[in-house]
Amino acid sequence: MAITRRSFLKGVAGTSAASLIGPSLLASASANAAETEGTWKVSGSHWGAFRARVWGGKVQEIKPLELDKYPTDMLNGIKGIIYSPSRVRYPMVRLDWLKKHKYAADTRGNNRFVRVTWDEALDLFYRELERVQKDYGPWALHTGQTGWRQTGQMHSCNNHMQRAMGLHGYSVKKVGDYSTGAGQTILPYVLGSTEVYAQGTSWELILENSDNIVLWGNDPVKNLQVGWTCETHESFAYLEQLKEKVAKKEINVISVDPVRNKTARYLENDLRYIHPHTDVPFMLGVAHVLYNEDLHDKDFIETYCLGFEDFIKYVQGETKDRIEKTPEWAAEICGASAQEIRDFARMLVNGRTQILVGWSIQRQEHGEQPYWMAAVIAAMVGQIGLPGGGISYGHHYSGIGVSSTGFAAPGSFPLNIDQGQEPKHTNQDFNGYSRVIPVARWVDALIEPGKKINANGAVITLPDTKMMVFSGNNPWHHHQDRNKMKQAFKALQTVVSIDFAWTATCRFSDIVLPACTQFERNDIDGYGAYSGRGLIAMHKLVDPLFQSKTDFDIMTELTARWGRDKDYTRGMTEMEWVKSLYDSCKASNEGKFDMPEFEEFWEKGFLDFGKGKPWTRHAAFREDPEINALGTPSGFIEITSRTIGNMGYEHCQEHPMWFEKSERSHGGPGSEKHPFWLQSCHPDKRLHSQMCESEEFRATYAVQGREPIYLNPEDAKKKGIKDGDVVRVFNDRGQLLAGAVLMDAYAPGVVRIEEGAWYGPLNEKVGAIDTYGDPNTLTQDIPSSELAQATSANTCQVDIEKFNGDLPPVTAFGGPLEVA
């Protein structure tokens, strides 16, 4: 299908980086590192590539790599990670676990630990692996929790832990993740892939072709500071151009959000406020307008979609609840007026419209529904597969939308044991329990082992877990409802944590092993997760501090205890592995990219392959939906899914629907007792919980040493709260202290505490106040629905009051209480 593209407006590429986000976000990029005392080394991180000046065996200075024109100021927190007082310095074992009978469950979390030698710690680790496999079986060991490991392909801690555990025996694993659990489960049924991690239409084509851009619960200026691999920050050049186009009224940008977020403040674009958790009623009202005003693209729906008729009967009130989803009906729930809903619907079809959906709206009860409904709206507009039109679920993540060069990034240290190998313990009898469970249901398994739950068409039997192993992963950050977790952890006999920082997960563990940071080892990493911009050499900056070791060395020594260390390492050293990964990458890119020999690359520190070619998501499907069918059961966009309908779930049926929440602000359930909606989105000054331990950097945003809580000034006035006060935030699940920051960007009844704030309970008792400000002290641990069983962290109501009395000390940071 031929399309006419508007001419790309030139002259904006040279605008200054400082005008994009201002000095609070951007560090000044230096073309060349200054000649000063010490040695400059190249490395990479989630926060970008950099040069580090090392002198006297210590990192003295960090500067962004000259390729990065939009570096984040989070690079200033890296030294604080390396030299944090919260470093895990030595192998430690929980005192009561070591000395008392029955694993001392009642005192788990009291942070009393004994320092032991590496041999003693690894012997205990191995002893527990043996005991659990022999006394119970593979169903009693859970090794499936993984998360945002440090960057680097050779030293990926998840892979090292999984490979070592696989050489010992079988265990319970997980499916899904906390970031996109509901979205990645529903979208394959609707659009044929998870979409959330898929490359999206290139920013160049969006800027050239879009008349309207809808940022739905999406804050790319905040979230694009970090990436899964070494981040390039190339997206910010396009956001800078978008800002100019908004100012010139060449592109209409509208944020659908209860908050005027960082992106909306930077772009100075329009805001369509709706009440929290009411995206679906708003969308249904929009669909009603598109259909009844004959604005929907009937040809697109006829050619590319299935099941529109059943869905629109629901919208018209002819099925299910028999309520017509008029704008007036939606307005009563979502807070936008009926006329505003009509205007929004008409705007969507007034020119080319690109819908960019964030991940926050699917981290709620019934989180599958807004993602499904957004796809339906995009289908009704009819521009899916056109440059600058359609829908994306990832333009805020890891540089999605930056055109890809096609560079094949290096592989990683192998996750699984090698073909033909068997573990020491070959028992695969899971005693009737499921060997794979939804990632967010492991705490439920501790509380109700043997319970059967529905999940994505299957019936899952939750295992009776006795032992868990965590490596570079902090579930006492990313899971919900801390007091529920405290109760659940009493069911565990042994918990092992391998980490470089003394997180709350370490505090609630039994054996803690000190891993080194990524800056204390050699590695390589792709530069640009989606752009394929190049390759970064991650030079070891300093030797491992204290008694920390690389994950590779830890697992080599562990597997030696049952004679499998040579199988684990394949007889190769760290640098032999790094060179091997590079050489394999070089071979994979032969004829496409000119890569030097390893030694030359390692000395230079990085390779730059330039920019890629623009690309449009779903363009091939639009061109020929028969030949380029989607991955749905039918090959088409499924507005109604017979597959899901046949599962018979109450809270996720055959097409998107509105389900009331267990808690909802602005007159919804629970708002009378706890009137404020707590938003716990991705943080602005760290990557989840990474960098919260960086003391000097944390001090740039903390309030009286506590995590900030952002709230509307009028709400604060009614509560007698002033800017800078310490407040108690509470509900029936828990309580925490935080520092008040008053901002007009937050609507009345809406507050924010960014996730990743370290949990610092006053003590290990259930109900103890959190002294620093972890929002998951308050969030509820319930599934999104029977389909995804994903997290519902954003379905959370709280109340606030000014804290009076003596402030308790913050207990979130530093090491354990070491007992001789």
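Throughout this document, residue positions are counted from 1 along each chain, in the order its sequence is written. Since the coordinates come from a predicted model, pLDDT governs what is reported: local features require at least 70, and pairs of side-chain atoms require 80 or more to be given and counted, while whole-chain, interface and lining totals use all residues. Hydrogens are left out, water is left out, and the side-chain values use all remaining heavy atoms of the structure.

By the naming in an unreviewed UniProt entry, the protein chain is Trimethylamine-N-oxide reductase, taken from Vibrio astriarenae. Recorded under Function (unreviewed entry), the UniProt text for the protein chain is reproduced unchanged: "Reduces trimethylamine-N-oxide (TMAO) into trimethylamine; an anaerobic reaction coupled to energy-yielding reactions." UniProt positions are given in the numbering used here, feature names are shortened, and annotations may be inferred rather than shown by experiment.

Draft legend 1. Representation of helix α23 (residues 574-588) within the structure. Compared with the 21 Å implied by 1.5 Å per residue over 15 residues, the 21 Å span of α23 between its first and last C-alpha is a close match. Buried within α23 are the following residues: E574, W577, V578, L581, Y582, C585 and K586. Whether two residues touch is decided by their heavy atoms; if any such pair falls within 4.5 Å, the residues are in contact. The secondary structure listing takes helices from DSSP runs of H or I that are at least 4 residues long and strands from runs of E that are at least 2 residues long, numbered from the N terminus. Those residues of α23 that are buried lie in contact with β20 (523-527), β21 (534-538), α21 (551-559), α22 (565-569), α24 (598-604) and β22 (606-608). Here the expected span of a helix is defined as 1.5 Å times the quantity of residues minus one. Here the term buried applies to any residue with accessible area under 20% of the maximum for its type, exposed to any over 50%, and partly exposed to those in between, with areas from a 1.4 Å probe on protein chains only.

Draft legend 2. Just the packing of aromatic side chains, in detail. Stacked, tilted and edge-to-face are the three classes applied to pairs of Phe, Tyr and Trp rings, where Trp contributes its six-membered ring and a pair requires centres within 6.5 Å; stacked means planes under 30 degrees apart, edge-to-face means over 60, and tilted covers the rest. The final tally for this structure, using the stated rule, is 41 aromatic pairs. When the centroid spacing of 5.8 Å and the interplanar angle of 75 degrees are considered together, the rings of Y136 and W139 count as edge-to-face. The class for W139 is buried, based on a relative accessible area of 9%. Their ring planes at 20 degrees and their centres at 6.0 Å tell us that W476 and Y759 sit as a pair that is stacked. With a gap of 283 residues between them, W476 in helix α18 (residues 475-478) and Y759 in the loop between β28 (750-752) and β29 (797-802) connect regions that are remote in the sequence. You'll find W476 and Y759 in the same group, each marked buried. Every member of this aromatic cluster is reached through a ring pair, and the members are W148, Y197, W228, W359, Y397 and Y530. A cation over a ring is seen here: K325 above Y314, with NZ or CZ 3.8 Å from the ring centre. In this analysis the charged atom, NZ for Lys or CZ for Arg, is taken to sit over a ring once it is within 6 Å of the ring centre and within 35 degrees of the ring normal.

Draft legend 3. Structural detail: the environment of G80. With respect to the element layout, G80 can be found in helix α2 (residues 78-82). Taking C-alpha positions, G80 is 11 Å from Q60, a pair spaced 20 residues apart along the chain.

Draft legend 4. Representation of the domain arrangement of the protein chain in the model. Under the domain assignment used here, the protein chain contains domain 1 (92-178 + 431-608) and domain 2 (201-401). In this document the domain limits rely on a domain assignment from an automatic tool or a database. Just the C-alpha atoms count here: the centres of domain 1 and domain 2 sit 38 Å apart. At the interface, 14 residues of domain 1 touch twelve residues of domain 2. Taken together, the two surfaces of domain 1 and domain 2 that pack against each other cover about 1200 Å², and 61% of this comes from carbon and sulfur. Put simply, a salt bridge is a Lys or Arg side-chain nitrogen that is within 4 Å of an Asp or Glu carboxyl oxygen. Where R533 meets E234, a salt bridge forms, and the shortest distance between an N and an O atom there is 2.8 Å. Think of a polar contact as two N or O atoms within 3.5 Å of one another; within protein, one of them needs to be a possible hydrogen donor and the other a possible acceptor, and neighboring residues in sequence only count if both atoms come from side chains. The interface formed by domain 1 and domain 2 contains seven residue pairs in polar contact (both at pLDDT 80 or more). Buried area: the accessible surface (1.4 Å probe) lost by two parts on joining, summed over both.

Draft legend 5. View of the pattern of salt bridges. Tallying each qualifying case throughout the model produces 50 salt bridges. Ionic pairing is found between R441 and D781, a salt bridge with its closest N-O pair at 2.8 Å. Here the residue R441 occupies a position in the loop between β14 (436-438) and α17 (442-447), and D781 occupies one in the loop between β28 and β29, the gap between them amounting to 340 residues. For the pair R441 and D781, one class covers both residues: buried. In this structure, the salt-bridge partner of K484 is D781, at a minimum N-O distance of 3.1 Å. Here K484 is found in helix α19 (residues 482-489), whereas its partner D781 is found in the loop between β28 and β29, with 297 residues between them in sequence. On the basis of relative accessibility, which here comes to 22%, the residue K484 falls in the partly exposed class. In this structure D781 comes out as buried when scored by relative accessible area, which is 7%. In the salt-bridge network here, residues are joined through shared partners; they are R441, D444, K484 and D781.

Draft legend 6. Looking closely at the packing of helix α14 (residues 327-334) against helix α15 (residues 338-348). Close contact between α14 and α15 brings their axes to 8 Å; oriented N to C, the two are set at 110 degrees. It follows from the interaxial angle that α14 and α15 lie roughly perpendicular. In this structure, the crossing between α14 and α15 has a hand that is right-handed. Across from P327, E328, A330, A331 and C334 in α14, the residues of α15 making contact are A338, I341 and R342. Under the scheme applied here, ten amino acids are nonpolar (Ala, Val, Leu, Ile, Met, Phe, Trp, Tyr, Cys and Pro), four are charged (Asp, Glu, Lys and Arg), and all others, including Gly, are polar. Looking at the contact of α14 with α15, its residues break down into six nonpolar, no polar and two charged. Interaxial angle, 0 to 180 degrees, is taken between N-to-C directions of lines fitted to C-alpha atoms, where a helix line uses only the stretch in contact. Any angle that is under 35 degrees is reported as roughly parallel, and any over 145 degrees as roughly antiparallel; angles of 65 to 115 degrees are reported as roughly perpendicular and all others as oblique. Left-handed describes a crossing whose near helix is turned anticlockwise from the far helix by less than a right angle; the clockwise case is right-handed.

Draft legend 7. Summary view of the layout of surface pockets. Approximately 780 Å³ is the volume found for the largest pocket. In terms of lining residues, the largest pocket is bounded by 45 residues, among which G147, W148, H477, H478 and H688 are the most central. Sorting the residues of the lining of the largest pocket by element identifies α18 and β18 (494-499) as the ones contributing at least two each. Tallied by class, the residues present in the lining of the largest pocket amount to 18 nonpolar, 19 polar and eight charged. Of the residues that make up the lining of the largest pocket, three or more belong to each of domain 1 (92-178 + 431-608) and domain 2 (201-401). Its volume calculated, the second largest pocket comes out at about 510 Å³. Along its surface, the second largest pocket is lined by 24 residues, and N158, Q162, K173, L415 and N416 are the ones closest to its centre. Using a 1 Å grid laid over the protein atoms alone, points where a 1.4 Å probe fits but cannot get out form a cavity; open sets with protein on both sides within 12 Å along at least 5 of 7 lines form a pocket; any residue with an atom within 4 Å of a point counts as lining. Grid points are joined across faces, edges and corners, and a volume is the space filled by probe spheres set on the points.

Draft legend 8. Inspection of the sheet that holds β22 at higher detail. DSSP bridges decide pairing: two strands pair if at least two such bridges lie between them. Sheet architecture is open: three strands sit in the order β20-β21-β22, paired in antiparallel fashion. Both edges of this open sheet fall to β20 and β22, since each of them pairs with a single strand only. With direction set aside, neighbouring strand axes in the sheet form an average angle of 20 degrees. Relative to β21, β20 runs antiparallel, the two sharing five bridges. Following the sheet pairing, D525 is matched in β21 by I536. Where α23 meets the sheet, its contacts fall on β20, β21 and β22, and the angle it forms with β20 comes to roughly 30 degrees.

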